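# Inside the fold
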Amino acid sequence: MKNCILVMTLVLMACSNTKPVNIWMIGDSTMAAKKASRLPESGWGEGLKAFVTPNTIVHNHAASGRSTRSFIEEGRWQNVVDSLQAGDFVIIQFGHNDQKPDAKLHTEPYGEFVRNLEKFVRESERSGAFPIICSSIVRRHFTKDGKLTDTHGDYILAAKAVAANLEVPFVDMEHITRTLVTGLGVENSKAIYTHTAHKADDTHLSTKGARVVAYFFAREVQRVNSSLARYLDLQEARFCNRLITHELITSELNQE
């Protein structure tokens, strides 16, 4: 009996001493957490919390209205760097605000934008962390004939080029969400953005939409075989182990 108690004690001690895996998310409002006053708006960084394994912690440092430039100049990136530990992951997604003309935000896609992404990657790796670059999620801007417009241009290609040049994983969230939104169509796609009786926002995700987009991020991470995949658990999520068709997404989102 004493031996059994000893074994159980050792197991519990080993579990309690297991080092947590940290996922740091940096980006803009499409990824960020939101105040309760902005519900049902959310960011897919919050949605990702439903898809991680036990002992994996998502630190969502994405901030509304930030570009790569302002994220650095406001000291937000340094706060993340100072917290990084070897074996952590850093998920990077910018572009929405880098393209804006505001001097505090704007970066040229093949100039400062690239240099800032490179800074995020190199300083992450210097800390022993594993960076993943993502392109921006698509804006729900349909033309009159029902086609999505390209609102990000070279920022998508620039992000992909940085990932290729520095040999880090790239998750093309623009392509993933473009496929998703196009498949859902003009009306059904409103369900994953912040469309209410008082608001029609075609940039920011709804709470449920954030979870859908995070799910597809997790699936793509598994496909590109990033080391992050081992810490993502789709079996535990609401959409676990099921082929998600556009009809299923819509019906699931409209439940509750």
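In the block above lies the structure referred to throughout.
Everything quoted here is computed from the prediction, not taken from an experiment. (Residues numbered from 1 in each chain as written. Predicted model: local features only at pLDDT ≥ 70, side-chain atom pairs only at ≥ 80, totals over all residues. Heavy atoms only, no water.)

## Things to note about the overall build of the chain
So the rule is basically this: Only DSSP runs of H or I reaching four residues or more are called helices, and only runs of E reaching two or more are called strands; each is numbered from the N terminus. When a residue's accessible area, from a 1.4 Å probe over protein chains only, is under 20% of the maximum for its type it is buried; when over 50% it is exposed; and in between it is partly exposed. A contact between two residues is defined here by any heavy atoms of the two lying within 4.5 Å.
Across its full length, the chain holds 9 helices and 8 strands. Each of the 256 residues in the chain was classed as buried or not, and the buried ones make up 49%. Taking contacts inside the chain between residues at least 6 apart in sequence as the whole, the part at least 24 apart equals 75%.

## Here we look at the pattern of salt bridges
This is how the line gets drawn: One speaks of a salt bridge when a side-chain nitrogen belonging to Lys or Arg is within 4 Å of a carboxyl oxygen belonging to Asp or Glu.
Per the counting criterion, the structure on display carries 13 salt bridges. With a closest N to O distance of 2.8 Å, Arg-178 and Glu-174 form a salt bridge. Here Glu-174 and Arg-178 lie together in helix 7 (residues 173–188), a separation of 4 residues that amounts to about one turn. Residue classification places Glu-174 among the buried residues on the basis of a relative accessible area of 10%. With its nearest N and O atoms 3.2 Å apart, the salt bridge here joins Lys-190 to Glu-187. Residue classification places Lys-190 among the partly exposed positions, given a relative accessible area of 28%. Each of Lys-34, Arg-38, Glu-41 and Lys-199 takes part in salt bridges that share partners, so that together they form one network.

## Observations concerning helix 5 (residues 112–126)
Here is the rule: The length a helix should cover is 1.5 Å for every residue beyond the first.
For helix 5, spanning 15 residues, the distance from its first C-alpha to its last is 21 Å, which sits close to the expected 21 Å at 1.5 Å a residue. Packed against the buried residues of helix 5 are strand 1 (21–27), helix 3 (68–73), helix 4 (76–83), strand 4 (89–93), strand 5 (130–134) and helix 6 (154–166). Positive backbone phi, approximately 85°, marks Gly-128, located one or two places after helix 5.

## Section: the packing of helix 7 against helix 8 (residues 207–223)
We count it as follows: Only C-alpha atoms enter the line fits that serve as axes; for helices the fit covers just the stretch in contact. Angles between N-to-C directions range over 0 to 180 degrees. Roughly parallel here means an angle under 35 degrees, roughly antiparallel means over 145, roughly perpendicular means 65 to 115, and every remaining angle is called oblique. Note: crossing handedness is left-handed where the near helix turns anticlockwise from the far helix by less than a right angle, and right-handed where it turns clockwise. When residues are sorted by character, Ala, Val, Leu, Ile, Met, Phe, Trp, Tyr, Cys and Pro go into the nonpolar class, Asp, Glu, Lys and Arg into the charged class, and all the rest, Gly among them, into the polar class.
Contact pair helix 7 / helix 8: the axes reach a minimum separation of 10 Å and the direction vectors enclose 125°. Considered as vectors, helix 7 and helix 8 are oriented oblique to each other. Crossing geometry of helix 7 relative to helix 8 is assigned as right-handed. Of the residues in helix 8, those touching helix 7 at Met-173, Ile-176, Thr-177 and Leu-180 are Val-212, Val-213, Phe-216, Phe-217 and Glu-220. Class assignment for the residues of the contact of helix 7 with helix 8 results in 7 nonpolar, 1 polar and 1 charged.

## Thoughts on the sheet that holds strand 4
The cut-off we apply is this: By definition, two strands form a pair when at least two bridges between them are found by DSSP.
Spatial ordering of the open sheet is given by 3-1-4-5-6, a layout of 5 strands whose pairing is parallel. This sheet does not close on itself; its edge strands, each paired only once, are strand 3 (56–60) and strand 6 (170–171). Sheet topology places strand 4 next to strand 5; 5 bridges connect them, and they run parallel. Bridging from a neighbouring strand, Val-90 pairs with Pro-131 of strand 5.

## A look at the pairing of strand 3
In strand 3, alternate side chains face the same way, and those of Thr-56, Val-58 and Asn-60 are buried while those of Ile-57 and His-59 on the opposite face are not. By the bridge criterion, 5 bridges tie strand 1 to strand 3 in an arrangement that is parallel. When the bridges of strand 3 are listed, Met-25 appears paired with Asn-60.

## What about the side chain of Thr-203?
Note that Thr-203 resides in strand 8 (residues 200–206). In this structure Thr-203 touches Thr-30, His-96, Ile-137, Arg-139 and Tyr-193, once residues within four positions along its chain are discounted.

## Quick word on the nonpolar core
Worth spelling out the cut-off: Buried Ala, Val, Leu, Ile, Met, Phe, Trp, Tyr and Cys residues that are joined via side-chain atoms within 4.5 Å together make up what is termed a nonpolar core.
If you look at the biggest cluster of nonpolar residues, it comprises 40 residues, and the most contacted ones within it are Trp-44, Ile-91, Met-173, Phe-217 and Leu-228. When residues of this core are traced back to their parent elements, those giving at least two are strand 1, strand 4, strand 5, helix 7 and helix 8. Contact partners of Leu-228, with chain neighbours within four places excluded, come to Ile-23, Phe-89, Ile-91, Ile-132, Phe-217 and Val-221.

## What to know about the packing of aromatic side chains
The condition that has to hold: Geometry of aromatic contacts follows a simple scheme: Phe, Tyr and Trp rings, the Trp one being its six-membered ring, pair when their centres are within 6.5 Å, and the pair is stacked under 30 degrees between planes, edge-to-face over 60, tilted otherwise.
Applying the stated rule across the entire model yields 10 aromatic pairs. Ring centres of Tyr-215 and Phe-216 lie 5.5 Å apart, and the angle between their planes is 90°; this geometry places the pair in the edge-to-face category. Chaining the aromatic ring pairs together yields one cluster made of Phe-71, Trp-77, Phe-94 and Phe-120.

## Details of the environment of Ile-72
If you trace the backbone, Ile-72 turns up in helix 3. Residues Ile-72 and Asn-116, 44 residues apart in the sequence, show an inter-C-alpha distance of 8.2 Å. Discounting residues that sit within four places of it in the chain, Ile-72 has contacts with Trp-77, Asn-116, Lys-119 and Phe-120.

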